[in-house]
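Here's the letter readout for the chains.
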Amino acid sequence: MANQLLEVKELSVAYGDVRALWDVSLEVEEGSIVALVGANGAGKTTLLKTISGLLHPIHGHILFEGEDLVQLNTKHRVAKGIVMVPEGRRLFQALTVLENLRLGAYLPKARADYDDSLERVFTLFPVLKDRMNGKAGLMSGGEQQMLAIGRAVMARPRLVMIDEASLGLSPILTRTIFELIVALNVQGTTVLLVEQNIHMALKICSKAYVMKTGHIVLSGTGEELLADADVRKAYVGERGSRL
Amino acid sequence: MSSLVQILINGLLLGSMYGIAAIGLSLIFGTMRIIFIAQGTMIVFFAYLTYWSFVKAGIDPYLSLLTVVPFAFVVGLGLFYLLFRKAAALEDRNVSLLLAVGLMYLVDNLILRVWSATPRGLDISYSGAMIVAWGIRVSWLRLALLGLAFGSAVVVFVFLKKTRVGTAVRAASEDMEATTILGINSVWVCAISFAIGIALAGVAGVGMATVYSFDYQFGFTFAIKALVALALGGMGNVFGALAGGLLLGVIENLAAYYIGIAWIEVASYGIFMLVLIFLPQGLFGRRGLVKKV
């Protein structure tokens, strides 16, 4: 296979006695955008949380550049370049935009590149520069999503995992956010995208996985899955609108 | 007129002790989400240490700030890692709260065992020194307490606003998991804010030793006073906590003068409950911090 940045191998996760993931395997090629789609409760967020070290698998492996991360905590995974943009953005609302960004570059290596990263974020999201000293909680939903992604970019990620970037955003803003994700990817950051807006996600990704009740049930290129009749019927809908 | 001014000044000076304790409570509450009920006992404990270093080694109490406060910080780190680290990770905050109650009674009784039940106080050579102006008398030592309180508030404020770890403390008190996601060691962030809370107990302990006579039972009452001060001032705001403390001191002194000493507690707890009923975010707290269900 080509140069895989992330390889998840037969990963199983349980919340107490309730199994959430069953032998999930996926691969994310360096420099690509990979989409992970599926209905609510399929295990997408669980998978992202396990990759970032917030949840611990009962078995399986998470290889990043060939190195198994399962024993490492979140801090060390972030230091290696795996950064999650969590569902619901989880910004520090009472802190300023700049303070949020500064916390993104908390670890020593990211801190050393702070000025460069900040410039990069402000180039990608000029609105954040204008709102620099305002409270994060006072921004609009779209701006908050930009800040959430910008905060992750400050950590100098190799792989950004974005959980439901379009949640609660208008179609126009959703398009903007997707364009920005593509721009980020073009600059060299690999992206693993969990999305409810399946149509959009399949259009920008090079590879996609479909999850259902804790299993990967289907995978292929974005075009293949968009063309797939079952996927269309189950997830995309007639006009390609959201679920 | 001058007697009213005298009462207000005395109130502010008494309240500065409550203020320091309330800032500590506020910091610990921010990350651990519990009322650290042992705060008063820790203050009394450090007051005894100040007393000891004065009696045994003749160290001036204000000089002992240099040893007691760093020591209190280390004690705070130790307590956090020994007692609270695991409990802090649980969703059920009651475990941490019960640990704090246990710690309070343990230290109370440790103090009783080591220093006996006899009230202690320092006999400092300059304790009678007063400033007298326009018929108002203010003891230097009590005035110094006010300085300690403002100094503590400024130091904590600058730490929270200007330092990297301080920013992380504010972030963690909003959303602990989100700090973890960014690779921040949230356990360490909690430990630091707890330790600063205990270091403030060290500051308050030194202050207490210089002006009060204290015994092993003093701690619980003091923690409750700090809690009242915090409720008055509002959570999540260093200067609010200080202001709440000063206000409580003034209320107590006014109550003592106008309705009688026996009514002090009735007045302060009455106001405490009125504030909680009508202004649950406190007088100076951030609006929206106390959410309606």
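Please refer to the structure placed before this passage.
Residues numbered from 1 in each chain as written. Chains lettered and ligands numbered in written order. Predicted model: local features only at pLDDT ≥ 70, side-chain atom pairs only at ≥ 80, totals over all residues.

Draft legend 1. Here's a closer look at the interface of chain A and chain B. Taken residue by residue, the interface counts 20 residues in chain A and 13 residues in chain B. Among the elements of the structure, α2 (74-80) and α3 (97-104) of chain A are those that each provide at least two residues to the side of chain A that touches chain B. Among the residues making up the side of chain A that touches chain B, the classes are represented as 12 nonpolar, four polar and four charged. (Contact = placed C-beta atoms within 7 Å. Helix = DSSP H or I, 4+ residues; strand = E, 2+ residues; numbered from the N terminus. Nonpolar A, V, L, I, M, F, W, Y, C, P; charged D, E, K, R; others polar.)

Draft legend 2. Looking closely at the packing of helix α9 (residues 218-233) of chain B against helix α10 (residues 238-258) of chain B. All names here are of chain B. Between α9 and α10, the shortest axis-to-axis distance is 7 Å and the interhelical angle comes to 115°. Judged by the sense of rotation from one axis to the other, the crossing of α9 with α10 is right-handed. Contacts between α9 and α10 involve Lys225, Val228, Ala229, Leu230, Leu232 and Gly233 from the first element and Gly240, Ala241, Ala243, Gly244, Gly245, Leu247 and Leu248 from the second. By residue class, the composition of the contact of α9 with α10 is eight nonpolar, four polar and one charged. (Axes fitted to C-alpha atoms, helices over the stretch in contact; angles between N-to-C directions. Left-handed = near helix turned anticlockwise from the far one by under 90°.)

Draft legend 3. Molecular detail of the environment of A:Glu195. All names here are of chain A. Structurally, the position occupied by glutamate 195 is in strand β8 (residues 190-195). Note: C-alpha distance between glutamate 195 and alanine 35 (160 residues apart in sequence) is 7.1 Å. The residues contacting glutamate 195, other than those within four sequence positions of it, are Ala35, Val37, Glu164, Ser166, Met200 and Ala201.

Draft legend 4. Representation of unusual backbone geometry. Residues and elements named next belong to chain A. Unlike most non-glycine residues, glutamate 10 shows phi in positive territory, near 45°. Within the fold, glutamate 10 resides in strand β1 (residues 4-15). Even without a glycine there, the phi angle at arginine 90 is positive, about 50°. Along the chain, the position of arginine 90 falls in the loop between β6 (82-85) and α3.

Draft legend 5. Summary view of the sheet that holds strand β4 (residues 59-64) of chain A. Taken in spatial order, the four strands make up an open sheet running β2-β1-β4-β5 (chain A), and their pairing is antiparallel. Bordering the open sheet on either side are β2 (18-29) and β5 (67-68) of chain A, each of which pairs with just one other strand. (Pairing = 2+ DSSP bridges.)

Draft legend 6. The arrangement of the pairing of strand β7 (residues 159-163) of chain A in detail. Residue and element names in this part refer to chain A. Counting buried positions over the five residues of β7 gives five, a clear majority of the element. Here β7 shows two buried faces, one formed by Leu159, Met161 and Asp163 and the other by Val160 and Ile162. Taken together, the five bridges between β7 and β8 define a ladder with parallel strand orientation. What sits directly across from isoleucine 162, in β8, is leucine 193. (Buried ≥ 20, exposed ≤ 12 C-beta atoms within 10 Å, placed from the backbone.)

Nothing here speaks to function; it is all geometry.
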